[in-house]
Amino acid sequence: ETNKLNLFQSLTNAMDIAMDSDPNAVIFGEDVAFGGVFRCTLGLADKYGKDRVFNTPLCEQGIAGFGIGLAAAGATAIAEIQFADYIFPAFDQIVNEAAKYRYRSGNLYDCGKLTIRTPCGAVGHGALYHSQSPEAYFAHTPGLKVVIPRSPIQAKGLLLSCIRDPNPAIFLEPKVLYRSAVEEVPAEDYEIPLSKAEVLIKGSDITLVGWGTQIHILKEVANMVKEKLGASCEVIDLRTILPWDYETVVESVKKTGRLVVSHEAPVTSGFGAEISSTIQERCFLSLESPIQRVCGLDTPFPHIFEPFYIPDKWRCFEAVKKSLEY
């Protein structure tokens, strides 16, 4: 049995299943009781009551700190930060407390039942405070899991995996996909393994790696490359940023000899840099051309200049062409 759901509805469905199957699960954050600004928690307060789905003050540091304490005490804590751009007041709690709690206590205590959901990425009009993709900041922190879905089916399975994983997780939701991505989502309870990339299109000439919204652009680029250049692209969705599945990417690049990595976050120290470095170390003798990164620019996220900032299909296509012609 499947239901036609968009991405935010599939997340609601995942949280409904988590709440129903785990009496210790609670949802909290700014405005979540009435459904949240993107309606991801719609109806859950009515169904499970105000003791299990409740609003917090406008204090991200407090939301994260409260979630850590709740998880340490044995509850399954599902926190929402209203926009990923506003996760930075909580950065100390997430990086210095949540990520290190198990290690610091010699595994006597942990807050592995904490999951922090937050909307990220470009949306067409979000400008500098409602468009950022902060995954690389958290990818530098051992002890966290960082996950970004591309579609409703993926979002449901990956969120349930994050909620049930014994480690604190940051679940970044590409907000432009909340309503635009629609799929027939299985109605049952299911999980998708973390730290496992997925090969979406098999190819032989060049590997394209991305996550979240960028996957839809890379799939379009693969079709353009086939049509205009007669070349075959292998498209990989990383899905989990930390710990990432380098084996799948290595295997692909050893076959194709070429790699383009693309993400919306700024190019300098973006997660594409980590991928490029790892592939250069592990696939050096297989590479036929320099690795290409197609990313956001090293500027604050612009408002009217967003079309020039984001790594659109034309910029990605040019990078593929450059690599193939090298």
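Residues numbered from 1 in each chain as written. Predicted model: local features only at pLDDT ≥ 70, side-chain atom pairs only at ≥ 80, totals over all residues. Heavy atoms only, no water.

(A) Layout of the nonpolar core. Formed by 46 residues in total, the largest nonpolar core has its most connected members in Ile-94, Leu-238 and Ile-275. With sequence-adjacent residues up to four places away left out, Ile-275 is seen in contact with Val-209, Trp-211, Leu-238, Trp-244, Leu-259 and Val-261. Judged by nonpolar contacts, the second largest core, of 36 residues, contains Phe-8, Ala-25, Ala-169 and Ala-181. (Core = buried A, V, L, I, M, F, W, Y, C linked by side-chain atoms within 4.5 Å. Buried < 20%, exposed > 50% of the residue type's maximum accessible area, 1.4 Å probe, protein only. Contact = heavy atoms within 4.5 Å.)

(B) Inspection of helix 1 (residues 7–21) at higher detail. When the terminal C-alpha atoms of helix 1 are compared, their 21 Å separation across 15 residues agrees well with the 21 Å that a helix rising 1.5 Å per residue should span. With 11 of 15 residues buried, helix 1 is to be regarded as a mostly interior element. Buried within helix 1 are the following residues: Leu-7, Phe-8, Ser-10, Leu-11, Thr-12, Asn-13, Ala-14, Met-15, Ile-17, Ala-18 and Met-19. (Helix = DSSP H or I, 4+ residues; strand = E, 2+ residues; numbered from the N terminus. Expected span 1.5 Å × (residues − 1).)

(C) Structural view of the state of the cysteines. Applying the stated criterion across every chain, the model contains 0 disulfides. Cys-40 takes part in no disulfide bond, and the closest cysteine sulfur to it belongs to Cys-120, at a distance of 12 Å. Relative accessible area serves as the criterion here: at 2%, Cys-40 is assigned to the buried category. Just so you know, Cys-162 is unpaired, no disulfide at all, and the nearest cysteine sulfur is the one on Cys-120, 13 Å from it. (Disulfide = S-S within 2.5 Å.)

(D) View of the layout of surface pockets. Space inside the largest pocket adds up to approximately 330 Å³. Forming the boundary of the largest pocket are 17 residues, of which Gln-132, Ser-133, Tyr-137, Ala-265 and Pro-266 lie nearest the centre. Among the secondary structure elements, those contributing two or more residues to the lining of the largest pocket are helix 6 (135–139) and strand 13 (259–266). A total of 3 residues in the lining of the largest pocket trace back to one element, the largest contributor, which is strand 13. Grouping the constituent residues of the lining of the largest pocket by class yields 9 nonpolar, 7 polar and 1 charged. Here the second largest pocket is characterised by a volume of approximately 180 Å³. Of all the secondary-structure elements, those providing two or more residues to the lining of the second largest pocket are helix 6 and helix 11 (271–283). Looking at the lining of the second largest pocket element by element, the count peaks at 3 residues for helix 11. Per-class residue counts for the lining of the second largest pocket are 4 nonpolar, 3 polar and 1 charged. (1 Å grid on protein atoms, 1.4 Å probe; cavity = no way out; pocket = protein on both sides within 12 Å on 5 of 7 lines; lining within 4 Å. Points joined across faces, edges and corners; volume = space filled by probe spheres on them. Nonpolar A, V, L, I, M, F, W, Y, C, P; charged D, E, K, R; others polar.)

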